[in-house]
Amino acid sequence: MTNELTLSKSKINTFIECPRKFKYRYIDEITEEANKYMLLGTEVHEIAEEIAIELMEGNEIDDVFLNLEYDEKLEDHIKGLEKFFKDIYSNGYEIFSVEEYIVDDKSNMNGIVDIVIKNKENNELIIFDYKTGKPRNISKYKLELCVYKILLESKYPDLNVVSAGIYFTGSAAYRIANFGSRSGDYFKSQSKGDIDDGDFDYVDAVVDNLYETIDRNYYKKERGFLCRYCFYKDMCDEDFG
């Protein structure tokens, strides 16, 4: 089975969305032009990283946000980030890592983990990924949260990742899934669901299907409403109809 292509949560999600889109983007390496939503996401992620680094250096939260320079169009996202970081420090957590790139040779996966926070009392870790769009159900994000857990535990096998979640910066909303108990913790108590062995089995099944698709060199087109917005639409119609 072909497995030379190192996978990430973005590659896997793209394959699920449409195998043919996956082919254009990652096999043919046809770069998609950044749209306004992608640019917004990049900008917010960069500011969040800047804030986190300053806080890890010992600066006070109020001072960091007071001196922060940003475009007024980002006002809601900045307010959301201020709440997020205050939630971290007011509930017994600290920042463990920021924008860490991890490669796991065993799973043949890599990725950048936006931010990981650590419970100062018991050293438990929680993974967060920032999103700038509207809040959605946690079930949509379980696969990528599984990937982040696999990556983080491959690098830090002695540490316990207890939860993973999405933080929607524009609306200051959490979507968190636990890998165990939901009780006794500010973040864990806000969980909207759990991630269990079945979710990791699903990741394995999708990855197997992805590599089999590469071996067969047949990339099915998933026809649907989103096709009209796809960057590769004209190319796809010309190639396959």
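Everything below is about the structure printed above this text.
Scope of this entry: the structure provided in the associated data block. (Residues numbered from 1 in each chain as written. Predicted model: local features only at pLDDT ≥ 70, side-chain atom pairs only at ≥ 80, totals over all residues. Heavy atoms only, no water.)

**Describing the side chain of Asp114**
- Mapped onto the elements of the fold, Asp114 is located in strand S2 (residues 109-119).
- Although buried, Asp114 forms no salt bridge, and the nearest oppositely charged side chain, Lys131, lies 6.8 Å from it.
- Of note is the side chain of Asp114, whose polar atom sits 2.8 Å from the backbone nitrogen of Tyr130.
- In this view, Asp114 contacts His45, Ser97, Val98, Glu99, Phe128, Asp129 and Tyr130; residues no more than four positions away in its chain are not counted. (Helix = DSSP H or I, 4+ residues; strand = E, 2+ residues; numbered from the N terminus. Buried < 20%, exposed > 50% of the residue type's maximum accessible area, 1.4 Å probe, protein only. Lys, Arg positive; Asp, Glu negative; His and termini not counted. Salt bridge = Lys/Arg side-chain N within 4 Å of Asp/Glu carboxyl O. Polar contact = N/O pair within 3.5 Å; in protein donor to acceptor, adjacent residues only side chain to side chain. Contact = heavy atoms within 4.5 Å.)

**So, the pattern of salt bridges**
- Taken as a whole and judged by the stated rule, the model has 15 salt bridges.
- A salt bridge links Glu144 to Lys9; the shortest N-O distance between them is 3.7 Å. Remark: Lys9 occurs in helix H1 (residues 9-17) and Glu144 occurs in helix H6 (residues 142-155); sequence separation between them is 135 residues.
- Given a relative accessible area of 4%, Glu144 falls into the buried group.

**Concerning helix H3 (residues 36-56)**
- Taking 1.5 Å of rise per residue, the 21 residues of H3 would be expected to cover 30 Å, and the 30 Å separating its terminal C-alpha atoms lies within 8% of that figure.
- Of the surrounding secondary structure, the elements contacted by the buried residues of H3 are helix H4 (61-66), helix H5 (75-90), strand S1 (93-104), S2 and strand S3 (125-131).
- For H3, the side-chain oxygen to backbone nitrogen distance between the N-cap and Tyr37 is 3.0 Å, and the N-cap itself is Asn35.
- Remark: Gly58 follows H3 within two positions and exhibits a positive phi of approximately 100°. (Expected span 1.5 Å × (residues − 1).)

**Topic: the packing of aromatic side chains**
- Tallying each qualifying case throughout the model produces 15 aromatic pairs.
- With a centroid separation of 5.1 Å and an interplanar angle of 75°, the aromatic rings of Phe96 and Tyr156 are classed as edge-to-face. Of the two residues, Phe96 sits in strand S1 while Tyr156 sits in the loop between H6 and strand S4 (161-168), which places them 60 residues apart along the sequence.
- Take Tyr156: its relative accessible area is 22%, and that puts it in the partly exposed class.
- Judged by centre distance (6.0 Å) and plane angle (65°), the rings of Tyr141 and Phe168 are edge-to-face. In this pair, Tyr141 sits in the loop between S3 and H6 while Phe168 sits in strand S4, placing the two residues 27 residues apart along the sequence.
- Using a relative accessible area of 0% as the deciding quantity, one classes Phe168 as buried. (Phe/Tyr/Trp six-rings, centres within 6.5 Å; stacked < 30°, edge-to-face > 60°.)

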